[in-house]
Amino acid sequence: MQINTHAIAPLAQDFVTLWRSPDPQTVYGYTPGICRLESGRLLAVWEEGGPGTPHGYPNTHVAVSDDHGSTWRETGRFRMQHPRPFEAGGIPYVCGHCDPEADGCGALVISSGDADAENWQPPALIAPGEWHQCASAPLYSGGHVYLATERRITHSITTWCPGELSPILMRAKTESNLSKASSWSFSEPLSFRDAVARAEESTSLDDFGVPFWPCPYPAGTFVSPGRDCAPAGWLEGNVVQMPPGHIWHDASGHTFHIFLRAHTGGTGYAAILAIHENAGGTMTPRFVKVPSGKRALFLPCPVGHMRFHVIRDEASGLFWLLGSQPTDSMCPPDQLPPERYNLPNNERSRLVLYFSRNMVDWCFAGLVAKGGAPLETRHYASMTIDGEDLAILSRSGDSMAASPHNGNLITFHRIPGFRSLVY
């Protein structure tokens, strides 16, 4: 076979394993999150899930590294789903939710650590209800920390429910005690289903092939045996503010944009919603408008069909995007190999990196890591800037994994000198 000398080499194929499932067929690794503390210490979180995880088990793990990810030491464990690490006012926090009976959603909770993230308090209740999130990055602005999350606000969908999730922007003063519910304010809700129903034109989605597969409310449909498409929706948001020179820049600093995974059965788009801070402190969702006056519910995004992670690098002024690369989303579902997970767009073996000046025009920076088979996944990853490098935590799998979705590893990857990838 002729060697392809032009093939792109992965940027961070080698990895350090933080966690390996004790039983890959029943215990799975989910929600990797990572941040760099002011001290330079790396803080990582992830959760165990699956039928082999006992009810009430303290399934969120917390670990730290003082050698840039070469070695890790666990410092905490508590009951939480979808944990997200961040720091505010010199205090490390892990925010998530807790209610395994509520179809992947639960009451919003937060745990605080000491300054070195060595000791952790039991999770404190922030807000009741049915919350859901991913380990997206915080945003700091005007003495506040902002987190993108979502809340389920109706219950008519009878299957997976991103169509009934509302993006919510959480806000607190960075110097306040974030373990107190009174420290937090929340934006008003708007679910995807309500957003589509409020469309100014009944044909607003008709010319873009969205959704790709039929996915009627309330139950979706089976596209082929064993492969289904739940009703369309959005989830797993990332909050950003647009920089000066952007059409959507708000010089007052009171407009935020949440970019979300667009569950439509297709690829190439992310969902978007704006949140505006009002004079009285309330926060209101708004549809994003382009100069023609048309509403932009979706924007081009090469990895917007799956959970993706966005950070802004202040040194370069660029946004960086980490997500899963699709390679065969147009394959007929009944022709997929049995080990592939669900629909053709749900491919999880190639983790890729992009950069952008404006969150719309994305330049390919590189292939981060890849698996050689569907079970060998690198996906749902989070990243943080560590000096000149990108530190990445991935939800991963090897040949022992139960499925591409239910992996058996949490792995750490490092991209040295990531800014040199800009061209």
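How each quantity is defined
Residues numbered from 1 in each chain as written. Predicted model: local features only at pLDDT ≥ 70, side-chain atom pairs only at ≥ 80, totals over all residues. Heavy atoms only, no water. Pairing = 2+ DSSP bridges. Helix = DSSP H or I, 4+ residues; strand = E, 2+ residues; numbered from the N terminus. Axes fitted to C-alpha atoms, helices over the stretch in contact; angles between N-to-C directions. Core = buried A, V, L, I, M, F, W, Y, C linked by side-chain atoms within 4.5 Å. Buried < 20%, exposed > 50% of the residue type's maximum accessible area, 1.4 Å probe, protein only. Contact = heavy atoms within 4.5 Å. Salt bridge = Lys/Arg side-chain N within 4 Å of Asp/Glu carboxyl O. Phe/Tyr/Trp six-rings, centres within 6.5 Å; stacked < 30°, edge-to-face > 60°. Lys NZ or Arg CZ within 6 Å of the ring centre and 35° of its normal.

Enquirer: What is the right way to look at the sheet that holds strand S1 (residues 16-20) in this model?
Expert: Sheets are built from strands that pair by backbone hydrogen bonding, the pairs being arranged parallel or antiparallel. What the four strands build is an open sheet, ordered S1-S27-S26-S25; its pairing is antiparallel. Lying at the two open borders of the sheet, with one neighbouring strand each, are S1 and strand S25 (378-386). When strand polarity is set aside, the average angle formed by the axes of neighbouring strands in this sheet is 20 degrees.

Enquirer: Explain the sheet that holds strand S22 (residues 318-324) here, please?
Expert: The strand order across the open sheet built from four strands is S21-S22-S23-S24, with neighbouring strands paired in antiparallel fashion. Of all the strands in the sheet, the pair left with one neighbour each is strand S21 (309-313) and strand S24 (363-370). Along the sheet, successive strands turn relative to each other by an average axial angle of 20 degrees, direction set aside. Here five bridges tie S21 to S22, and the two strands are oriented antiparallel to one another. Looking at the pairing, Arg-312 lines up with Phe-319 of S22.

Enquirer: How should I be thinking about the nonpolar core in this particular structure?
Expert: Grouped together as the largest cluster of nonpolar side chains are 25 residues, with contacts concentrated most on Leu-169, Trp-234, Val-239, Ile-258 and Phe-298. When contributions to this core are tallied by element, the ones reaching two or more residues are strand S11 (144-152), helix H1 (192-197), strand S16 (233-240), strand S17 (255-263) and strand S18 (269-277). The element contributing the most residues to this core is S17, with four residues. What Val-239 contacts, discounting residues up to four positions off in sequence, is Ala-137, Leu-139, Tyr-146, Ala-148, Leu-169, Phe-256, His-257 and Ile-258. With 21 residues, the next largest nonpolar core counts Ala-270, Val-310, Tyr-354 and Met-359 among its residues.

Enquirer: Would you mind going over the pattern of salt bridges with me for this structure?
Expert: Where charged atoms from two side chains of opposite charge come close, those side chains can pair. Scanning the entire structure with this criterion turns up 15 salt bridges. Between Glu-314 and Arg-312 there is a salt bridge; the shortest N-O distance is 3.3 Å. Arg-419 is the salt-bridge partner of Asp-313, the closest N and O atoms lying 2.7 Å from each other. Within this pair, whereas Asp-313 is found in strand S21, its partner Arg-419 is found in the segment after strand S27 (409-415), the two being separated by 106 residues in sequence.

Enquirer: Would you take a moment to explain the packing of aromatic side chains for this structure?
Expert: Given two aromatic rings, their pairing is described by the distance between the two centres and the angle made by the two planes. Taken as a whole and judged by the stated rule, the model has 14 aromatic pairs. Relative to Phe-256, the ring of Tyr-146 has its centre 4.3 Å away and its plane inclined at 35 degrees; by these criteria the two rings are tilted. Here Tyr-146 is found in strand S11, whereas its partner Phe-256 is found in strand S17, with 110 residues between them in sequence. With respect to class, Tyr-146 is no different from Phe-256; both count as buried. Grouped by ring-pair contacts, the aromatic residues Phe-192, Trp-234, Tyr-269 and Phe-298 constitute a single cluster. Lying over the aromatic face of Trp-131, Arg-151 brings its terminal NZ or CZ to 5.6 Å of the ring centre. Here Arg-312 stacks its cationic end above the ring of Phe-319, 5.4 Å away from the centre of that ring.

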